Amino acid sequence: MTHSDPKTAHDAAVLLRAGQLCAFPTETVYGLGADATNADAVLAIYETKGRPRFNPLIIHCADLAMAETLAEFSPLARRVATLWPGPLTLVLPVRPGNGLAGIAMAGLDSVAIRIPDHPVALAVLAAVGRPLAAPSANPSGRLSPTTAEQVRIGFAGRVPVLDGGPCRAGVESTIVRIEGDKLVQLRAGAMSRNAIEQALGVKVAVAPKGTALAAPGMLASHYAPRALLRLNSTPRAGEAYLAFGNGPEFAGPVRNLSPRGDLHEAARNLFAMLHELDAAGADMIAVAPIPDEGLGEAINDRLLRAAAPRD
Ligand code: TXA
Ligand code: MG
């Protein structure tokens, strides 16, 4: 199949309105977009990614008015929505008759929504005028893409990509659900719990382990490079090394997530550097310890999944 990549948000919107897939940049990672009201288009996302159908998609909206047509917003939900646009996904009760293809929500009675904070994503959404389902634009189980080039490599050029440069956050959005008067984090992500608590003055609890299927995409092995990962360690001969801060000198393939130990910089570099070390051909990537605070929570979550046993 041949196609030419869209050059503008308008070009991308023409494809999406016609029911085709198109990858586009967000502030977190590149998304594989489809018109969320078109069941065939949404089905094509699952098929293209090889994604299990029980794993629902995040629905991206142009603005709050669009989001409110899709879900029931409680007063607390409206407060959380003041953090939009941003790398925060809110799981809310579905509003009946909202027009979304049921398969986008995998048949659940809740829907995960966010308004992305990226000018290109917002321009595409505004031009389409409909909500867009958009999981990360990678084959299921693989590393998420933070550049258009990684999307092209991941899908072997089969998906049109709107190039908006590298993503600035580098890890996916934080996912929260509302329970009573508190928030429960289902997936650590680009907005730290601390940042959410400070902005809203609302406690953010962490979903207990084992309830991971509350966010059904949280399969143990995920975000996996081809190489195996050994966490909290130093490299041996023949391996590659993903360092953080002041690491030991190493002669093999090495990338440093953030020489100055900055977790924002580390998050932004995480997937791109794993892609690069993978391409360098080592069978094992040794990964330095990362502090488990702030954005470190999301980084360590992704690293644990990348290191998890595979089928
Ligand atoms: O940053 C992001 O969130 C990126 C960009 C493209 O926006 N998107 C993304 O989508 O990471 P995806 O499909 O890779 O992850 C969606 C996650 C999955 O873990 C899924 O299980 C969860 O959202 N999810 C979707 N609907 C849900 C629901 N109703 N309840 C709980 N979790 C849900
Ligand atoms: Mg994903």
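Above this text is the structure in question.
Given the structure is predicted, the values throughout are model-derived calculations rather than measurements. All residue numbers refer to position in the chain's written sequence, counted from 1. Chains and ligands are labelled sequentially in the order written, the chains with letters from A and the ligands with numbers from 1. Where totals are concerned, whole chains, interfaces and linings use all residues; where local detail is concerned, this predicted model gives features only for residues with pLDDT of at least 70, and gives and counts side-chain atom pairs only at 80 or more. Derived side-chain values reflect all non-hydrogen atoms in the structure, with water molecules and hydrogen atoms excluded from consideration.

Caption draft 1: The sheet that holds strand β8 (residues 182–187), seen in detail. Strands sit in the order β1-β2-β6-β3-β5-β4-β7-β8-β9 across an open sheet of 9 strands; the sheet is mixed. Of all the strands in the sheet, the pair left with one neighbour each is β1 (22–24) and β9 (204–206). Pairs of strands are assigned from DSSP output, requiring at least two bridges between the strands. Runs of H or I in DSSP of at least four residues are treated as helices and runs of E of at least two as strands, each being numbered from the N terminus. As judged from the 4 bridges shared by strand β4 (residues 88–93) and strand β7 (residues 174–179), these two strands associate in the parallel manner. Bridge pairing in β7 places Thr89 opposite Ile175.

Caption draft 2: Highlighting the pattern of salt bridges. For salt bridges, the criterion is a side-chain nitrogen of Lys or Arg within 4 Å of an Asp or Glu carboxyl oxygen. In total, this model carries 17 salt bridges according to the counting rule given. Here Arg130 ties to Asp35 by a salt bridge, and the two come within 2.8 Å at their closest N and O atoms. Placement of Arg130 in the loop between α5 (119–128) and β6 (132–133) and of Asp35 in strand β2 (residues 31–35) is noted, with a sequence separation of 95 residues between them. Burial here depends on accessible area, computed with a 1.4 Å probe over protein chains only, as a share of the maximum for the residue type. Under 20% is buried, over 50% is exposed, and the range in between is partly exposed. Taking the relative accessible area as the measure of exposure, Arg130 reaches 25% and is therefore partly exposed.

Caption draft 3: Region of interest: the nonpolar core. Grouped together as the largest cluster of nonpolar side chains are 50 residues, with contacts concentrated most on Trp84 and Ile196. At the level of elements, β2, α2 (39–49), α3 (64–68), α4 (75–80), β4, β5 (110–114), α6 (148–154) and α7 (193–200) are the ones that each hand at least two residues to this core. By residue number, the principal contributor to this core is α2, which donates 4 residues. Note on contacts: a residue pair is in contact if any heavy atoms of the two residues lie within 4.5 Å. When sequence neighbours within four positions are dropped, the list of residues in contact with Trp84 reads Leu64, Ala67, Phe73, Leu90, Ile113, Arg114 and Ile115. Within this scheme, the nonpolar core is defined by two criteria: the residues are buried Ala, Val, Leu, Ile, Met, Phe, Trp, Tyr or Cys, and they are joined through side-chain atoms within 4.5 Å. One finds Ala227, Leu229, Phe244 and Leu270 within the second-largest nonpolar core, a separate group that totals 34 residues.

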